[in-house]
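Descriptive structure summary
Residue-level listing of the chains:
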Amino acid sequence: MDIEFVRSRFIKHFDGKTGSIYHSPGRINLIGEHTDYNGGFVFPGAVDKGIMCEIRPNGTRKVLAYAIDLKDKVEFGVDDETAPRTSWARYIYGIVQEMKKRGVDVEGFNTAFAGDVPLGAGMSSSAALESCYAYAINDLFGGNKVSKWDMVLAGQATEHNYCGVKCGIMDQFASVFGMAGKLMCLDCRSREFEYFPFEMKGYKLVLLDSGVKHELASSAYNDRRKSCENVLETLKQRYPEKNMETLRDADWDMLESVKDIVSKEDMRRAVFVLGEKDRVEAVCKALTEGDFETVGRKMYETHNGLSQDYEVSCEELDYLNDIAKDNGVTGSRIMGGGFGGCTINLVKEGLYDKFIADAKEKYRNRYGKEPKVYDVVISDGSRKIC
């Protein structure tokens, strides 16, 4: 991100004075999709693309926000009871409200922001936006008294309460807690996590963007979550002594015992979630042993589950996954909430150039456009730049 570009736009659209600049990254997730809201495990890392904002208190109770990339300006009150209609402004409004709930005396401010997280690619530009403003507001108005975890939860609550997405905590967690050169294995229920050095000697991690855009606020995402909740409620009735909180508490025998009670669709969703829990644990072990072949195999298994059981893939993503297999790519899968976005690919360095060239050619021949290519650099989380 270009600091001077963001600053020049801030100066142009406000009073000519400068403020403070903050940055929060998007994320990748090596494995563990749709498990965070089921109390399971995820394996994300922050990336070198994110949201940058400049912000300066303005001495009023009004927020004046300018989205540089969209060339759009919105004004709302810190104390307004109703969120703005403009979708991007709802994220900033939501963070203001959630940080107030956490004891921050938020005042009015001027702000401009821009991002280089590819929109719709499954890299969580919305979480980067939330985390950037949570960090900035905590620093400017809260004396940094709000913990990192509470900033994560403020971002999640913003999605739930103002944007209509019942997301888990992974995206905001990765944006806030990210560390250069390390992935994180997060237990989404206990919130315990461990940093794993991610040194891919002989391998590269690359995203291929299908160019198909998804909208997580659509009913499809929340429908998947409802399916998991349906199975959980049935299991609770069958096993009251287990005190189950999420699907993470189920095992395969328990799931088998209710297969004739729950719908086939709900059963497929639950099968994916339990399988993904096992796969994340296997990847943790494999990474500590430097066993990238096992990591890759589990990535392919995850893609198959997301495509067939969870049904959040699409033709274009399945095609990119097939191209990866044909080129001997070690691991490949859809990344993110689904319904478009990227595949994440673990590629041996010697195969990288041929794979990328083949993917571009075949995808262009079938869909009339090339997939965008993003090499992954694991980077630091939310921070103040200047």
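First, a word on what this report is: a plain description of the structure on this page. (Residues numbered from 1 in each chain as written. Predicted model: local features only at pLDDT ≥ 70, side-chain atom pairs only at ≥ 80, totals over all residues. Heavy atoms only, no water.)

Within a beta sheet, neighbouring strands are joined by backbone hydrogen bonds and run either parallel or antiparallel to one another. Taken together, the six strands give an open sheet; going across it, the order is β5-β4-β6-β3-β1-β13, and neighbouring strands pair in mixed fashion. Whereas interior strands pair on both sides, the edge strands pair on one side only; in this sheet they are β5 (72–77) and β13 (383–384). Where strand β4 (residues 62–67) and strand β6 (residues 109–115) come together, five bridges link them in parallel fashion. Across the sheet, Leu64 pairs through a bridge with Asn110, a residue of β6. Those strands touched by helix α2 (residues 87–101) are β4, β5 and β6, and its axis lies near 30 degrees from that of β5. (Pairing = 2+ DSSP bridges. Helix = DSSP H or I, 4+ residues; strand = E, 2+ residues; numbered from the N terminus. Contact = heavy atoms within 4.5 Å. Axes fitted to C-alpha atoms, helices over the stretch in contact; angles between N-to-C directions.)

What follows concerns the sheet that holds strand β11 (residues 342–348). A sheet is described by the order of its strands in space; here four strands give the open sequence β10-β11-β9-β12, paired in antiparallel fashion. The open sheet has two free edges, formed respectively by β10 (331–335) and β12 (372–375), since each of these has just one partner strand. The mean inter-strand angle of the sheet, taken between neighbouring strand axes irrespective of direction, is 25 degrees. Two strands pair when backbone bridges link them, and β10 and β11 are joined in this way by five bridges, in the antiparallel orientation. What sits directly across from Gly331, in β11, is Leu346. Across the sheet, helix α9 (residues 292–308) is in contact with β9 (203–209), β10 and β11; its angle to β10 comes to roughly 40 degrees.

Our focus in this paragraph is helix α6 (residues 219–238). The end-to-end C-alpha distance of α6, which contains 20 residues, comes to 29 Å, matching closely the 28 Å that a straight helix rising 1.5 Å per residue would cover. Within α6 the residues assigned to the buried category are Ala220, Tyr221, Arg224, Arg225, Ser227, Cys228, Val231, Leu232, Thr234 and Leu235. Those residues of α6 hidden inside the fold are in contact with α4 (148–162), α7 (252–257) and α8 (264–288). (Expected span 1.5 Å × (residues − 1). Buried < 20%, exposed > 50% of the residue type's maximum accessible area, 1.4 Å probe, protein only.)

Within the element layout of this structure, Asp36 appears in the loop between β1 (20–29) and β2 (41–42). Despite being buried, Asp36 has no salt bridge partner; Arg225 is the closest side chain of opposite charge, sitting 6.7 Å away. Engagement of the side chain of Asp36 in a polar contact is seen with the backbone nitrogen of Ile169, the distance being 3.5 Å. Reaching out from Asp36, the side chain makes a polar contact with the backbone nitrogen of Met170 at a distance of 3.3 Å. Residue contacts for Asp36: discarding those within four places in its chain leaves Val42, Gly168, Ile169, Met170 and Cys188. (Lys, Arg positive; Asp, Glu negative; His and termini not counted. Salt bridge = Lys/Arg side-chain N within 4 Å of Asp/Glu carboxyl O. Polar contact = N/O pair within 3.5 Å; in protein donor to acceptor, adjacent residues only side chain to side chain.)

Time to look at the state of the cysteines. Put plainly, two cysteines are in a disulfide when a covalent bond ties their sulfur atoms together. Evaluated as defined, the whole model comprises zero disulfides. The cysteine Cys53 is free of any disulfide, with Cys132 supplying the nearest cysteine sulfur at 3.6 Å. Judged by relative accessible area, which is 0%, Cys53 ranks as buried. In this model Cys167 remains outside any disulfide bridge; the closest cysteine sulfur is found in Cys163, 9.0 Å from its own. Taking the relative accessible area as the measure of exposure, Cys167 reaches 8% and is therefore buried. (Disulfide = S-S within 2.5 Å.)

Our next topic: the packing of aromatic side chains. What the rule picks out here adds up to 18 aromatic pairs. Where Phe173 meets Phe193, the ring centres are 5.1 Å apart and the plane angle is 70 degrees; that geometry is what we call edge-to-face. You can see Phe173 sitting in helix α5 (residues 170–177) and its partner Phe193 sitting in strand β8 (residues 193–197), a full 20 residues away along the chain. Linked through ring pairs, Trp149, Phe173, Phe177, Phe193 and Tyr195 together constitute an aromatic cluster. Looking at Arg191, its charged tip hangs above the ring of Trp149, at a distance of 5.6 Å from the centre. Above the plane of the ring of Tyr319 lies Arg366, whose end atom (NZ or CZ) is 3.8 Å from the centre. (Phe/Tyr/Trp six-rings, centres within 6.5 Å; stacked < 30°, edge-to-face > 60°. Lys NZ or Arg CZ within 6 Å of the ring centre and 35° of its normal.)

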